[in-house]
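Observations on the model geometry
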Amino acid sequence: MATAPTLKRGIRFRDLVLFYVMSGMSIRWTATAAAAGPSILFVWVAALIGFFIPLAASVMELSSRHPEEGGIYIWAREAFGDFAGFITAWTYWMSNLPYFSGVLYFGAASVLFAFGTRAQGLRTSAVYYLCFAAGWLVVITLANIVGVNVGKWLNNIGAIGTLIPMGILLVLGVIAYLRFGSVTHFSRAALVPHWTLNNAIFWSSVFFAFGGFESASSMGDEIVNPRKTIPIAILTGGCILASAYMAGTSALLVAVPSDAVAGPDGFVHGIHMLSGKLGMGWLVAPVALLVALNAVGGAAAYLSSTSRLPFVAGIDRYLPEAFGKIHPRYQTPWVAIGVYGLAGIVVALLGQAGTSVRGAYDVLVAMGFLSYFVPYLFLFGAMIRLQARPAGPEVRRVPGGKPVAIALAGLGLVSTAATIVLSAVPAEDEPNKLLAVVKVVGGSAVLMGAGVVVFLLERRKHRKASSAT
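Being a predicted model, the structure only gives us computed values, none of them experimental.

This part is about the overall build of the protein chain. For the protein chain, the count of helices and strands is 19 helices and zero strands. Looking at the protein chain residue by residue over its 469 residues, the buried ones come to 58%. Sequence separation of at least 24 residues holds for 84% of the intrachain contacts in the protein chain that already meet a minimum separation of 6. Surface exposure of the protein chain reaches about 18100 Å², of which carbon and sulfur atoms provide 69%.

With that out of the way, let us pick up empty space enclosed by the protein. According to the stated counting rule, one finds four cavities of 30 Å³ or more in the structure shown. Here the largest cavity is characterised by a volume of approximately 100 Å³. Lining the largest cavity are I11, D15, F19, N144, V148, G151, K152, N155, N156, M219, S304 and R308. Those elements giving two or more residues to the lining of the largest cavity turn out to be α1 (13-24) and α8 (148-180). With five residues, α8 is the largest single contributor of residues to the lining of the largest cavity. Across the lining of the largest cavity, the residue classes tally to four nonpolar, five polar and three charged.

Moving on, we come to the packing of aromatic side chains. In total, this model carries 24 aromatic pairs according to the counting rule given. On the numbers, 5.4 Å between centres and 75 degrees between planes, the contact of F100 with Y340 is edge-to-face. Placement of the pair is F100 in helix α5 (residues 82-111) and Y340 in helix α15 (residues 334-352), with a sequence separation of 240 residues. Each member of the pair, F100 together with Y340, is buried.

Evaluated as defined, the whole model comprises 10 salt bridges. With its nearest N and O atoms 3.4 Å apart, the salt bridge here joins R389 to E78. One end of the pair, R389, is in the loop between α17 (374-385) and α18 (401-423); the other, E78, is in helix α4 (residues 72-80), and 311 residues separate them in sequence. Assessed through its relative accessible area of 25%, E78 is described here as partly exposed.

Turning our attention to α17. For the α-helix, the turn length of 3.6 residues means that residues three or four positions removed from each other point alike. An ideal rise of 1.5 Å per residue puts 16 Å on 12 residues; α17 measures up with 17 Å between its terminal C-alpha atoms. Regarding α17, the residues found buried are V374, P375, Y376, L379, F380, G381, A382 and M383.

Take V284: it is sitting in helix α13 (residues 284-306). Distance in space between the C-alpha atoms of V284 and A114 is 6.5 Å, their sequence separation being 170 residues. What V284 contacts, discounting residues up to four positions off in sequence, is F113, I271, H272 and S275.

Taken together, the side chains of V45, I49, I53 and L411 present a nonpolar region at the surface, about 300 Å² in accessible area. Among the elements that make up the nonpolar patch, the one with the highest residue count is helix α3 (residues 40-65) (three residues). By relative accessible area, which is 40% here, I53 ends up partly exposed.

Once that is clear, we can look at the side chain of R308. Tracing the chain through its elements places R308 in helix α14 (residues 308-315). A relative accessible area of 1% means that R308 is categorised as buried. At a separation of 2.6 Å, a polar atom in the side chain of R308 contacts the main-chain carbonyl oxygen of S304. Every residue in contact with R308, bar those within four places of it in the chain, is listed here: E69, S218, M219, E222, P333 and I337.

Across the protein chain, pLDDT averages 82, with 89% of residues at or above 70. The least confident element of the protein chain is helix α16 (residues 357-372), whose mean pLDDT is 57; the most confident is α17, at 94.

With that settled, the discussion passes to the packing of α1 against helix α11 (residues 226-255). One can describe the packing of α1 onto α11 by two numbers: an axis separation of 8 Å at closest approach and a directional angle of 40 degrees. Classified by the angle their axes make, α1 and α11 are oblique. Here α1 and α11 pass one another in a crossing that is right-handed. Side by side, α1 and α11 meet where F13, L16, V17, Y20, V21 and G24 of the first sit next to T229, I230, I232, A233, I234, T236, G237, I240, L241 and Y245 of the second. Among the residues making up the contact of α1 with α11, the classes are represented as 12 nonpolar, four polar and no charged.

With that out of the way, let us pick up α8. Taking 1.5 Å of rise per residue, 33 residues should cover 48 Å, and α8 covers 48 Å from first to last C-alpha, within 8% of that figure. Phi for G181, located one or two positions after α8, is positive at around 80 degrees.

What follows concerns the packing of α4 against α14. Orientation of α4 relative to α14, taken along the N-to-C sense of each, is 45 degrees, at an axis distance of 9 Å. Our classification of the angle between α4 and α14 gives oblique. Between α4 and α14, the contacting residues are I72, Y73 and I74 on the first element and L309, V312 and A313 on the second. Partitioned by chemical class, the residues of the contact of α4 with α14 number six nonpolar, no polar and no charged.

As a further point, take the environment of S63. Of note, S63 is situated in helix α3. The class for S63 is buried, based on a relative accessible area of 2%. Along the primary structure S63 and I74 are separated by 11 residues, whereas in three dimensions their C-alpha atoms are 9.6 Å apart. Reaching out from S63, the side chain makes a polar contact with the backbone oxygen of V59 at a distance of 2.6 Å.

A few words on the side chain of S64. You can see S64 is positioned in helix α3. A relative accessible area of 1% means that S64 is categorised as buried. A polar contact is formed between the side chain of S64 and the backbone nitrogen of R396, at a distance of 2.7 Å. Other than its neighbours up to four places away in sequence, S64 contacts R227, E394, V395 and R396.

Parameters and conventions
- Residues numbered from 1 in each chain as written.
- Predicted model: local features only at pLDDT ≥ 70, side-chain atom pairs only at ≥ 80, totals over all residues.
- Heavy atoms only, no water.
- Helix = DSSP H or I, 4+ residues; strand = E, 2+ residues; numbered from the N terminus.
- Buried < 20%, exposed > 50% of the residue type's maximum accessible area, 1.4 Å probe, protein only.
- Contact = heavy atoms within 4.5 Å.
- Areas by Shrake-Rupley, 256 points an atom, 1.4 Å probe, with all protein chains shown as cover.
- 1 Å grid on protein atoms, 1.4 Å probe; cavity = no way out; pocket = protein on both sides within 12 Å on 5 of 7 lines; lining within 4 Å.
- Points joined across faces, edges and corners; volume = space filled by probe spheres on them.
- Nonpolar A, V, L, I, M, F, W, Y, C, P; charged D, E, K, R; others polar.
- Phe/Tyr/Trp six-rings, centres within 6.5 Å; stacked < 30°, edge-to-face > 60°.
- Salt bridge = Lys/Arg side-chain N within 4 Å of Asp/Glu carboxyl O.
- Expected span 1.5 Å × (residues − 1).
- Patch = residues over 30% accessible without salt bridge, like charges linked within 9 Å, V, L, I, M, F, W, Y side chains within 5 Å.
- Polar contact = N/O pair within 3.5 Å; in protein donor to acceptor, adjacent residues only side chain to side chain.
- pLDDT = per-residue confidence, 0-100.
- Axes fitted to C-alpha atoms, helices over the stretch in contact; angles between N-to-C directions.
- Parallel < 35°, antiparallel > 145°, perpendicular 65-115°, else oblique.
- Left-handed = near helix turned anticlockwise from the far one by under 90°.

So this is what it looks like as structure tokens:
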């Protein structure tokens, strides 16, 4: 008898570190943060302590307790049951759909800087942004269907588009500071956050920027020795991530005015101003293309990892069985990947409806915030709940054991809840604030409600089939 196709373990330590850099570090967040002014540095530190450290600790232990395919879906299911597991996977899956088009809009805006002033006429063209996002989603989807060894290289190459532009920014920032001094005054008063609703979107952006370290665990059965590889890769990638975000934001604040780096083209616009000021304008085109590569790599990283959640849900019969199929030649969950890529294109079209390019970008980002953080409530809750269960000697526990694990997860739980509230606040320059709020809150509610309906229907269908046999 022919054996059933199985997943291929092709993700190694180097691939995983680059994956964490790619999924965790998006260049656009340095510009988004810098646009808020020097007080955002305090928020970076708060996000690091209040969200990232609890997240990294929880993922290291949970992925060691349950290293199999499915990641956050398995953790929530083991802690709270099938319904919680499915809703966690559903919201995580759905929240990344607007993320794809949001990050690819950022890439599309960056590319325009590589082609001079004529290309800038496309900055307000919805057709251009939609074509860029949809075209790359097709490429990413096909690459991931062909195999993990092909799909992972989109992530690895995309990491180049992260590290090189960030390094260039730091060098230019130092040169600009030595020649001209700082354009931002870092006084004690300036470093204190301004507690207004207008800053809420920036704060939630910073917390959102540290998310993503749980995503690779969704591919547990495709990682070589996941119990050993994941913790070390998280520590390595986390150090790179935290250092780059803080240093990159500081460099932008030192070198260019904060109001020059807002919007989907903020990072490249800052590089454009800075390189022109230093007489190094030739840098703009290659940096713009590398930044676009960063955006493509970010979309590829999340599509490859998140598509594994509906795959495992299909195996568990909470989605149609087709989602649980593995391609006999490529050894990938090709149905789950293909449907996910197509859904990303549809969401890009819906997000653009009735608003400007800038408005669509902000709505897509905000939609990602609200629904993306809901699974983290289950993740931190699972970390707390599973402390009651014994762990074998092969499990890598949080240093300090159960009390430290509960304290960190509790801190992450509080930070996540606060960020969910902040993420619903529309941007200050959004022309139709009510429409933006309706899209964000209403769209997220519809997505979660649809997940409940799908779960109930599939469970009912499965029970009928079981009783018939």
